[in-house]
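# A structural walkthrough
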Amino acid sequence: MTKYMKKLTILILIFTLLIPIGCARRDEAPTNPQQPPEQEEPQVQIPAPEDMILAAENWKEEYPMIYESFIRTSRVQDHKVEETDLGGLHPISYLKKYPNIKILYEGVGFAKEYYVARGHYYALEDVINTARPKPGASCLGCKTADYEKLYVENGQDLFKMDFYETSQKVDNAISCYNCHRNEPGTEIQITAPHFAEGVRKLDNEPKPGTMACAQCHVEYYFEKETGKIVLPWDNGIEIDEIESYFDEIEHADWIHPRTGTPLIKVQHPEFEMYTGSVHDKLGTSCADCHMPNVVEEGQEYRSHWAKSPLKTVSESCGQCHKEEPDALIANVQGLQKEVEALQVEVSDMLVKIIEDFGQLLEDRKLEDEEIIKELRSLHRKAQYRWDFVFVENSTGFHNVEKAKQTLERAKEYAQQALEIIAENK
Ligand code: HEC
Ligand code: HEC
Ligand code: HEC
Ligand code: HEC
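These numbers come from a predicted model, not from an experiment. (Residues numbered from 1 in each chain as written. Chains lettered and ligands numbered in written order. Predicted model: local features only at pLDDT ≥ 70, side-chain atom pairs only at ≥ 80, totals over all residues. Heavy atoms only, no water.)

## Notes on the coordination of the iron atom of ligand 4
Quick reminder of the rule: A 2.8 Å cut-off from the metal defines N, O and S donors, relaxed to 3.2 Å for Na, K and Ca; water is not in the atom list, so some sites may appear incomplete. The geometry test gives tetrahedral to four donors whose angles all lie between 85 and 135 degrees, gives square planar to four donors and octahedral to six donors whose opposite members are over 155 degrees apart with all other angles between 65 and 115, and gives irregular to the rest. Here a helix means four or more residues in a row that DSSP labels H or I, a strand means two or more in a row labelled E, and each is numbered from the N terminus. Only protein chains enter the area calculation, which uses a 1.4 Å probe; residues under 20% of their type maximum are buried, those over 50% are exposed, and those in between are partly exposed.
At the metal site, the iron atom of ligand 4 is ligated by His279 (NE2) and His321 (NE2), and these contacts range over 1.9 to 2.0 Å. One can describe the site at the iron atom of ligand 4 as octahedral: its six donor atoms subtend angles covering 88 to 179° at the metal. Of this pair, His279 sits in helix H13 (residues 278–281) while His321 sits in the loop between helix H15 (313–317) and helix H16 (325–362); the two residues are 42 residues apart in sequence, bridging distant segments of the chain. A relative accessible area of 31% places His321 in the partly exposed class.

## Focus on the coordination of the iron atom of ligand 3
Protein-derived ligands of the iron atom of ligand 3 are His290 (NE2) and His398 (NE2), with the metal-ligand distances lying across 1.9 to 2.0 Å. Seen from the iron atom of ligand 3, its six donor atoms lie at angles of 88 to 179°, and the figure they make is octahedral. Taken together, the residues His290 in helix H14 (residues 286–290) and His398 in the loop between helix H17 (369–391) and helix H18 (400–423) connect sequence positions 108 residues apart. Using a relative accessible area of 25% as the deciding quantity, one classes His290 as partly exposed.

## Digging into the environment of Tyr384
Filter applied, for reference: Two residues qualify as a contact provided that any one of their heavy atoms is within 4.5 Å of a heavy atom in the partner residue. A 3.5 Å cut-off defines polar contacts: any pair of N or O atoms within that distance qualifies, except that in protein one atom must be a possible hydrogen donor and the other a possible acceptor, and neighbouring residues in sequence count only when both atoms are side-chain atoms.
The residue Tyr384 is located in helix H17 in this model. Residues Tyr384 and Thr406, spaced 22 residues apart in sequence, show a C-alpha to C-alpha distance of 9.7 Å. Filtering out sequence-adjacent residues up to four positions away, Tyr384 remains in contact with Ile239, Ile242, Glu243, Ile264 and Val266. Of the polar contacts made by the side chain of Tyr384, one reaches the backbone oxygen of Ile239; its length is 2.7 Å.

## Comments concerning the packing of aromatic side chains
To keep things clear, this is the line we draw: When the centres of two rings from Phe, Tyr and Trp lie within 6.5 Å, Trp using its six-membered ring, the rings pair. Their planes under 30 degrees apart give stacked, over 60 give edge-to-face, and anything left gives tilted. Criterion for a charge above a ring: Lys NZ or Arg CZ within 6 Å of the ring centre, and within 35 degrees of the ring normal.
As enumerated under the stated definition, the model contains 21 aromatic pairs in all. A centroid spacing of 5.3 Å and a plane angle of 85° characterise the contact between Tyr98 and Phe390, whose relative ring orientation is edge-to-face. Of this pair, Tyr98 sits in the loop between helix H3 (94–97) and helix H4 (100–104) while Phe390 sits in helix H17, placing them 292 residues apart in sequence. Judged by relative accessible area, which is 11%, Tyr98 ranks as buried. The exposure class assigned to Phe390 is buried, which follows from its relative accessible area of 9%. Look at Trp386 and Phe390: their rings are 4.9 Å apart centre to centre, the planes differ by 15°, and that puts the pair in the stacked class. Here the residue Trp386 and the residue Phe390 both occupy positions in helix H17, the gap between them amounting to four residues, near one helical turn. There is no split in this pair, since Trp386 and Phe390 are both buried. Joined through ring pairs, the aromatic side chains of Tyr94, Tyr98, Tyr105, Phe110, Tyr114, Trp386 and Phe390 make up one cluster. Sitting above the plane of the Tyr122 ring, Arg118 keeps its charged end 3.8 Å from the centroid. Over the face of the ring belonging to Phe110 we find Lys265, whose NZ or CZ atom lies 4.8 Å from the ring centre.

## Things to note about the confidence of the model for the chain
Worth spelling out the cut-off: pLDDT expresses, on a scale from 0 to 100, how confident the predictor is about each individual residue.
Mean pLDDT over the chain: 88, with 88% of residues reaching 70 or higher. Every residue in residues 8–39 is under pLDDT 50, and counting partners more than four places away or in other chains gives 19 contacts.

## Some details on empty space enclosed by the protein
We apply this condition: Only protein atoms enter the 1 Å grid, on which a cavity is a set of points fitting a 1.4 Å probe that cannot get out and a pocket is an open set with protein on both sides within 12 Å along at least 5 of 7 lines, lining residues being those with an atom within 4 Å of a point. Grid points are joined across faces, edges and corners, and a volume is the space filled by probe spheres set on the points.
Enumeration over the complete set of coordinates arrives at two cavities of 30 Å³ or more. Each pocket or cavity is described by its volume, and for the largest cavity that value is around 70 Å³. In terms of lining, the largest cavity is formed by Gly141, Thr144, Ala145, Tyr147, Glu148, Tyr177, Asn178, Thr191, Ala192, Gln215 and Cys216. Those elements giving two or more residues to the lining of the largest cavity turn out to be helix H6 (147–154) and helix H8 (177–180). In this model, the second largest cavity occupies a volume close to 60 Å³. For the second largest cavity, the full set of lining residues is Tyr147, Tyr151, Phe159, Pro193, His194, Glu197, Lys228 and Ile229. Counting residues per element, the ones that place at least two in the lining of the second largest cavity are H6 and helix H9 (193–199). The element contributing the most residues to the lining of the second largest cavity is H9, with three residues.

Take a look at the structure:
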């Protein structure tokens, strides 16, 4: 049992013992002294579905400033946007910005539509509106406060339920409930079942302000038979360890139509990328940078406006970094530019692999199964590493060293593949 769960269980026990009246819906803690001590990890108390406080508005009066800051995630102008032909604002399309990805992601939905992420306020709306196909209701796992309710009501059947039908029953995007259940102001509560399962595989438990975010900002996959969301962390959360796990279970998210390569589609591994970084080692949590304490109207509170910390450099970074905000921002952007340049360079190599290897196969110039297998293996390794950095939302900032090393490894694999292709032309 993790330290965090222990603390939480004790808190809940105290709570249920001290105030048994007025929380009638809470399941009673086992009180029979005859009962042997539970060997199983006791579950965190989940409110009954009808008692779940799911809408953020319910906390508006009690926590007006936190609520206001939370609602700021709806402000379109605060996200990375571009003007449309009609003068409106639209999230930036990765397909336009990085045209190579149409080729790299060929055969998967991201080649058709892929926009920069927006604020938490839009999570539900955006997943419903994307043109990408949704395999099932599991896709709601990181978009709505109602997910735990659906999970309690439907159990494992939820994963197989139709995405659109289920999303009709959902009223809320991300809200207080996702990180606090019914108890904002107490210790963070983990509501995502896949993360509760995943975190048990880790050697060290992350800080609460990191776990709250890692519930969603992680790499995951849908288990083939069940549609269940699984975090691929059995071997660890480093990039090689996740790959070795996927290799062991022979997992492929899709087969590239030109090269026949079984590929891994990485999602948004902010937590995995961040782990082990300069700032992580200092004990800084995701929330410390993205939701810093701020002072407004003479009152200090934890901002809940999860957005780019470059908009609040003084509050997010100022207690450690003494340089002028503009200088620090320029420093961050300089590092991001370096990572981006390397990312684009690797994506050019991957395009060449896909085009030339694909052509050799189409022309039947390459029929040696061993060589084909070797090329597919190199393509898989290179594209997985490129994707890991590309889809990680900080453009390398969260862990500049890891991002660069990963892209350098991708480059080595891609180079080997290109040499084999050249020999066989
Ligand atoms: C994405 C996760 C997340 C969501 C959603 C969220 N919070 Fe929080 N909240 C946090 C984190 C992280 C902390 C800091 C706790 C820590 O570091 O131990 C926090 C702290 C708090 C605190 C402690 C008081 C303070 O100022 O430090 C209150 C109260 C609170 N949240 C209320 C709310 C309310 C109300 C909502 C909805 C409007 C909400 N939270 C939504 C993650 C979240
Ligand atoms: C319940 C799942 C969930 C949790 C928990 C969560 N996020 Fe998110 N986050 C999302 C989704 C989904 C999006 C993309 C929303 C969209 O594009 O519609 C997102 C987007 C973001 C963005 C991009 C906003 C922008 O400005 O473009 C930031 C920053 C962010 N999250 C930070 C955090 C931080 C920090 C935490 C923890 C305190 C956290 N998130 C917890 C699901 C989550
Ligand atoms: C040391 C401060 C710091 C910490 C800690 C941190 N981040 Fe970030 N994060 C940043 C910066 C800086 C960016 C780049 C913002 C930009 O380019 O505008 C960023 C970008 C992001 C984005 C994309 C936001 C956008 O507007 O595009 C998301 C999502 C995100 N971080 C989530 C997380 C999560 C989840 C964690 C914890 C695992 C985390 N961050 C930890 C500083 C931090
Ligand atoms: C808890 C203290 C602390 C906080 C908070 C913090 N930093 Fe740092 N940061 C450090 C230390 C210490 C280093 C390593 C020493 C150095 O290279 O200057 C560092 C390194 C960096 C670097 C050098 C690049 C790297 O990753 O090696 C950048 C850029 C940076 N921080 C930006 C930021 C930004 C932007 C924020 C706020 C969003 C932030 N930091 C928040 C302490 C902090």
